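An overview of the molecular structure
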Amino acid sequence: MKRFIQKQLLLLVAVLSATITASAYGFGVDGIYYNITSDVDKTCSVTYPQYGHDYSGSINIPSTVAYNNTSYTVTGIGYRAFEDCDNLTSVTIPNSVTTIGSFAFEGCSSLTSVTIPNSVTTIGSSAFYDCTNICDLTIGAGIISIGNEAFSYYDYRTTYIDIEKVIWLPNTPPKGYSEINGYRNYVANDSYSELDNV
């Protein structure tokens, strides 16, 4: 009886391990990796590759992707999806994306220009941490919340990235908007009172 229970437990552990491993890997299409976020809504988010971070050059994220004869809408850029991809030079984010996860682009030191589309409502904490070469940033009109240190880096102390030009499209300043330091800020109206260089 004891041997039977041990075999059953071993089988259960093997099945659970296979399930966890399968869900951690997601799927890849055209060099971009995804995790399914909802089978019901048919949504997915961009994630990191199975064996490390090998995104480089220009990445164009599609708004929909097909996998196993099902079309999924890409609604997010996941936690640490592009982390430390220091050879990533540009990324095109589609209007289907609503969230950019924490640390999503951390350490992408070759990014120089970022446009957040109007569909994005949330930028997670440290999402663009240590992306010190961003010169041009456009924040879409849909943004509601920007996480702590979303655009900062560590140089003996936490410092905000000095972005040459920031274009703000939201009419109402999003929560955390003062986390972004632009040499020149172009704003929708005068309610962005905490920004310098307007």
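Just so you know, these numbers come straight off a predicted model, no measurement behind them.

So, the side chain of Thr43
Structurally, the position occupied by Thr43 is in strand S3 (residues 43–47). The buried category is assigned to Thr43, whose relative accessible area is 14%. Side-chain polar atoms of Thr43 contact the side chain of Thr37, separated by 2.7 Å. Those residues within four positions of Thr43 in sequence are excluded, and the remaining contacts are Ile36, Thr37, Ser38, Tyr72, Thr73 and Thr75.

Topic: the packing of aromatic side chains
In the structure shown here, the tally under the stated rule is 12 aromatic pairs. Taking the centre distance of 4.6 Å and the plane angle of 45° together, the rings of Tyr55 and Phe82 count as tilted. With Tyr55 in the loop between S3 and strand S4 (57–60) and Phe82 in the loop between strand S6 (70–77) and strand S7 (88–92), this pair connects stretches of sequence that are 27 residues apart. Exposure class is identical for Tyr55 and Phe82. Each is buried. Ring centres 4.9 Å apart and planes at 5° place the aromatic pair Phe82 and Phe105 in the stacked group. Taken together, the residues span a long stretch of sequence, with Phe82 in the loop between S6 and S7 and Phe105 in the loop between strand S8 (99–100) and strand S9 (113–116) at a distance of 23 residues. Taken individually, Phe82 and Phe105 each receive the classification buried, so the pair is uniform in this respect.

Digging into unusual backbone geometry
Despite not being glycine, Arg80 has its phi angle at roughly 60°, a positive value. A relative accessible area of 22% means that Arg80 is categorised as partly exposed. One non-glycine residue, Phe103, adopts positive backbone phi at about 60°. Of note, Phe103 is situated in the loop between S8 and S9.

Side note on the sheet that holds S9
An order of S9-S11-S15-S16 is seen for the four strands of this open sheet, with the pairing classed as parallel. If you trace the sheet from one side to the other, it starts and ends with S9 and strand S16 (181–186), each paired once. When the angles between neighbouring strand axes are averaged without regard to direction, this sheet yields 20°. Pairing of strand S11 (residues 136–139) with strand S15 (residues 162–168), which is carried by four bridges, proceeds in the parallel orientation. In the strand pairing of S15, Asp136 is matched with Lys165.

What counts, and at which threshold
Per-chain numbering applies: the sequence of each chain, read as written, is numbered from 1 onward. Only residues with pLDDT of at least 70 get local features here, since the model is predicted, and only at 80 or more are side-chain atom pairs given and counted; chain-wide, interface and lining totals rely on the full set of residues. Only hydrogens and water are set aside when side-chain values are computed; all heavy atoms of the structure are taken into account. Put simply, DSSP marks the helices as runs of H or I at least four residues long and the strands as runs of E at least two long, and each gets a number from the N terminus on. For the exposure calls, accessible area comes from a 1.4 Å probe over protein chains only, and a residue counts as buried if that area is under 20% of its type's maximum, exposed if over 50%, partly exposed in between. Any N or O atom pair separated by 3.5 Å or less is treated as a polar contact, with the protein-specific requirement of one donor-capable and one acceptor-capable atom, and with residues adjacent in sequence counted only for side-chain atom pairs. Pairs of residues are marked as contacts when any of their non-hydrogen atoms sit within 4.5 Å. A pair of Phe, Tyr and Trp rings is counted when the ring centres sit within 6.5 Å of each other, with Trp represented by its six-membered ring. The angle between the planes then sorts it: under 30 degrees is stacked, over 60 is edge-to-face, the rest tilted. Two strands qualify as a pair provided DSSP detects at least 2 bridges between them. Fitted lines through C-alpha atoms serve as axes, helices being fitted only where they are in contact, and the angles separating the N-to-C directions of these axes extend from 0 to 180 degrees.

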